[in-house]
Amino acid sequence: MKSRDVDRDETFVGDNVGDVAGMGADLFESYVGSIIAAATLAGAGAAPNAGSLSNQAAEVALPFWLAGAGVVSAIVGCFAVSTSESGEGWNSNLGALMWALERGTFLAGGLFVGLAAVICHFFGGMWTSFACVCIGLATGMAIGKLTEYFTSFDFAPVKSIKARGSTGPATVVIQGLGVGMLSTVPTILVLVIAILACAAIKGQYGIAIAAVGMLSTLGITLATDAYGPVADNAGGLAEMDPAIPDSVRALTDSLDALGNTTAATGKGFAIGSAVLTSLSLLAAFKEQAGLVDEDLAITDPYVLSGALFGAMLPYMFAALTMISVGKAAAEIICEVRDQFHNRPDLVAADGKTTLRDCIMMASNGEKIPPEMDVAPDSNKCVEISTRSSVREMIAPGAYAILAPLFVGFLVGPRCLVGMLGGSIVSGAMVAIMMSNAGGAWDNAKKYCEKDGTKGLAKLKNADGSLQRPDKKNHYDATVVGDTVGDPFKDTSGPALNILIKLMSMVSLTVAPLLKAYHKNWDHYHWGFIPFALFVIVTYALVKNNILTWQDPIQALLEKGANQADEESALLPPKEVELPEKTGPEQVAVVA
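What you are looking at is a predicted structure, and each value in this text was computed from that prediction instead of being measured.

Describing the overall build of the protein chain
- Counting its regular elements, the protein chain contains 19 helices and 2 strands.
- In the protein chain, of all internal contacts separated by at least 6 residues, the share reaching a separation of at least 24 is 80%.
- Total accessible area computed for the protein chain in this model is approximately 27,800 Å², and 65% of it derives from carbon and sulfur atoms.

The structure is reproduced here in structure tokens:
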């Protein structure tokens, strides 16, 4: 069916842009940021035992050599990915399929450890740095396994969300939020242990080089993350083409079953690496701004005020991205409704079958003859989504850049350190919660497909009524959870990684300028420049209806109501004839 083919093409575009290109850019930013932070700290002499010039040069060069070793290890690890499992759809051994991917990751990690040991020995026995690299690599793998536990339907958290579907969508959403919040506990504990261990071994430089170690095998990690949308799109192609046998669809179902879990694992890895990278950049900023530890006590009102302000920013950032997704979805819904009802050009060759008729026939499983098929104008939907994604990111992007400039130049570097620390702490929690909750909601719906709930929901009696309406309600409740989870795990959660890294990088860039601040408010007048830019940008966004509470769907409903009122005003008045003895059934209305 042409209409379905075109709709599926839109999904291909979204998967490739969001889950592959977006995540790749995020992780690449973390990788580059960790290398810059480690080299900056080493160049500033922040690494312990870096007293001699040769030792300091070795500390600067180490992250670059480790990056090269990671590239080689990732390439070798890719050749180890294989499996002997047969494609049996949802009945496949998902653990065995997951091991096929993990085998390549573990091989790449093991090879990297060996190459890192050789490099550290070559640089004069930098074994403390080697220990931090190993801690970072192990931390990344641990976070991946923890994310798998909270987002895979093989484990209890996702099964508990699916079970709540029997009582409606509200309890599905509540349970998913609880699972997401609880998933922050083990992930943060692992990160805290890694940070404390690296700080004890090698100080601030140890944390930075641990981030390099975590991201060392980025090549195969990103390939594992990209596996999800690739398998999903392969299944969509197999489903669309009637010439492809069911056995092929069984194979793609087996591959697609792991897709959401591998994607969620990649997002968890991205969050952990973003936290370590941001901490490293924050330490580098402190060195470049000429601050000492005595100036940064958390009891200092300027540092604490900055921390409170910074802790608010991830919530504002997440809110802006969530609202943007809702507005873009509303615009697309309006466009689809318009194509259903108000597009005379979207009619089949027979001259009477509309796009809506075609979609209803496909939904009921009816075969559509070629002369009755209709191709929707899906290019318009892609245009709306692309335009909205660019337009709606102006505000979050501008605020992420202007916030550290405003605080740093207005108040001073001490308040800015507090702001960065608060944003890292708050952003890590919110990002972990949103990413894992979204993945869990998604796989709860997938579990309904695996255990047969979705199949039972479609069964009908001879009169067309549903055999199991309870299963229909159960499955629909998990679909609502999945709908809520998509912006959680695909938009707001990953966006927070970029927020905390971007603000840290901007702060590090202007750090030399902030050395002139010997006390708070020293050169406060420079802070009015970013504040003025903030006001100008906000005014422009409000003026152009980018920052607005207006709902496109509400505007469409009001337009439809006005059209209905105008049409009813043009109709002739109705006459009502009542017989002598009237009853409710005797009233005759004559047009």
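From this point, things continue past the structure.
Re the nonpolar core
- With 98 residues, the main nonpolar core has Leu62, Leu66, Ile209 and Phe285 as its most contacted residues.
- Counting residues per element, this core draws most heavily on helix α15 (residues 413–450), at 17 residues.
- Apart from residues no more than four positions distant in its own chain, phenylalanine 285 is found in contact with Leu291, Pro413, Leu416, Val417, Leu420, Ser507, Leu508, Ala511 and Leu514.
- The next biggest cluster of nonpolar side chains, apart from the first, holds 7 residues, and it includes Ala348, Leu355, Met361 and Ile368.

Topic: the pattern of salt bridges
- As enumerated under the stated definition, the model contains 20 salt bridges in all.
- Across the pair lysine 472 and aspartate 476 runs a salt bridge, and its minimum N-O distance is 2.7 Å. Of this pair, lysine 472 and aspartate 476 both sit in helix α17 (residues 469–510), 4 residues apart, which is roughly one turn of the helix.
- Taking relative accessible area as the criterion, aspartate 476 reaches 28% and is therefore assigned partly exposed.
- A salt bridge links aspartate 522 to lysine 519; its shortest N-O distance comes to 3.5 Å.
- By sharing partners, the salt bridges in this structure join Lys327, Glu331, Glu383, Arg387, Arg391 and Glu392 into a single network.

Side note on a nonpolar patch on the surface
- There is a patch of nonpolar side chains on the surface, built from Trp521, Tyr524, Phe528, Phe531, Phe534 and Val535 and spanning about 590 Å² of accessible area.
- Within the secondary structure, valine 535 sits in helix α18 (residues 528–543).
- When its relative accessible area of 42% is taken as the criterion, valine 535 is described as partly exposed.

Details of the packing of helix α11 (residues 301–341) against α17
- Orientation of α11 relative to α17, taken along the N-to-C sense of each, is 140°, at an axis distance of 9 Å. Taken together, α11 and α17 sit at an angle that is classed as oblique. In this structure, α11 meets α17 at a crossing whose hand is right-handed. For the pair α11 and α17, contact is made by Leu313, Pro314, Phe317, Ala318, Thr321, Met322 and Val325 and by Pro487, Phe488, Thr491, Ser492, Ala495, Leu496, Leu499 and Met503, respectively.
- Across the contact of α11 with α17, the residue classes tally to 12 nonpolar, 3 polar and no charged.

Observations regarding α11
- In this model, α11 (41 residues) spans 60 Å end to end at C-alpha, consistent with the 60 Å of a helix rising 1.5 Å per residue.
- Where α11 begins, the side chain of aspartate 300 points an oxygen toward the backbone nitrogen of tyrosine 302, at a separation of 2.8 Å.

Observations regarding the side chain of threonine 478
- With respect to the helices and strands, the residue threonine 478 is situated in helix α17.
- Aside from chain neighbours lying at most four places away, what touches threonine 478 is Lys162, Val172, Trp441, Ala444, Lys445 and Cys448.

A look at the environment of proline 512
- Its location among the elements puts proline 512 in the loop between α17 and α18.
- Residue proline 512 is classed as partly exposed on the basis of its relative accessible area of 47%.

Some points on the packing of aromatic side chains
- Under the definition given, this model contains 13 aromatic pairs.
- Between tryptophan 65 and phenylalanine 122, the aromatic rings sit 6.1 Å apart at their centres with planes inclined by 40°, giving tilted as the arrangement. Here the residue tryptophan 65 occupies a position in helix α2 (residues 53–78), and phenylalanine 122 occupies one in helix α3 (residues 94–122), the gap between them amounting to 57 residues.
- Centre to centre, the rings of phenylalanine 153 and tyrosine 447 are 5.9 Å apart; their planes meet at 35°, and the pair counts as tilted.

Considerations on the side chain of serine 492
- The residue serine 492 is located in helix α17 in this model.
- Polar side-chain contacts of serine 492 include one of 3.2 Å to the backbone oxygen of alanine 318.
- Excluding residues within four positions of it along the chain, serine 492 makes contact with Ala318, Thr321, Met322, Met434 and Pro487.

Observations regarding the environment of threonine 453
- Looking at the secondary structure, you find threonine 453 in helix α16 (residues 453–458).
- Taking relative accessible area as the criterion, threonine 453 reaches 3% and is therefore assigned buried.

What to know about unusual backbone geometry
- Although it is not a glycine, tryptophan 521 sits at a positive phi angle of roughly 65°.
- Along the chain, the position of tryptophan 521 falls in the loop between α17 and α18.

Describing the confidence of the model for the protein chain
- When the pLDDT values of the protein chain are averaged, the result is 82; 84% of them are 70 or greater.
- Per-element averaging of pLDDT across the protein chain places strand β2 (residues 588–590) at the bottom with 38 and helix α6 (residues 169–182) at the top with 94.
- Confidence drops under a pLDDT of 50 for residues 1–11, and excluding neighbours within four residues, the segment shows 27 contacts in the predicted structure.
- Counting interchain partners and residues more than four positions distant, the pLDDT-below-50 stretch residues 581–591 has 10 contacts.

Comments concerning the packing of helix α14 (residues 394–410) against α17
- Two numbers describe how α14 lies on α17: the axes approach to 9 Å, and their chain directions differ by 45°. Accordingly, the angle class assigned to the pair α14 and α17 is oblique. In this structure, α14 crosses over α17, and the sense of that crossing is right-handed. For the pair α14 and α17, contact is made by Ala400, Ile401, Ala403, Pro404, Leu405 and Phe409 and by Leu499, Leu502, Met503, Val506, Ser507 and Val510, respectively.

Side note on the environment of cysteine 134
- Along the chain, cysteine 134 falls in helix α4 (residues 127–151).
- Residue classification places cysteine 134 among the partly exposed positions, given a relative accessible area of 27%.
- Sequence separation of cysteine 134 and alanine 117 is 17 residues, and the distance between their C-alpha atoms is 9.7 Å.

Quick notes on the rules
- Residues numbered from 1 in each chain as written.
- Predicted model: local features only at pLDDT ≥ 70, side-chain atom pairs only at ≥ 80, totals over all residues.
- Heavy atoms only, no water.
- Helix = DSSP H or I, 4+ residues; strand = E, 2+ residues; numbered from the N terminus.
- Contact = heavy atoms within 4.5 Å.
- Areas by Shrake-Rupley, 256 points an atom, 1.4 Å probe, with all protein chains shown as cover.
- Core = buried A, V, L, I, M, F, W, Y, C linked by side-chain atoms within 4.5 Å.
- Buried < 20%, exposed > 50% of the residue type's maximum accessible area, 1.4 Å probe, protein only.
- Salt bridge = Lys/Arg side-chain N within 4 Å of Asp/Glu carboxyl O.
- Patch = residues over 30% accessible without salt bridge, like charges linked within 9 Å, V, L, I, M, F, W, Y side chains within 5 Å.
- Axes fitted to C-alpha atoms, helices over the stretch in contact; angles between N-to-C directions.
- Parallel < 35°, antiparallel > 145°, perpendicular 65-115°, else oblique.
- Left-handed = near helix turned anticlockwise from the far one by under 90°.
- Nonpolar A, V, L, I, M, F, W, Y, C, P; charged D, E, K, R; others polar.
- Expected span 1.5 Å × (residues − 1).
- Polar contact = N/O pair within 3.5 Å; in protein donor to acceptor, adjacent residues only side chain to side chain.
- Phe/Tyr/Trp six-rings, centres within 6.5 Å; stacked < 30°, edge-to-face > 60°.
- pLDDT = per-residue confidence, 0-100.

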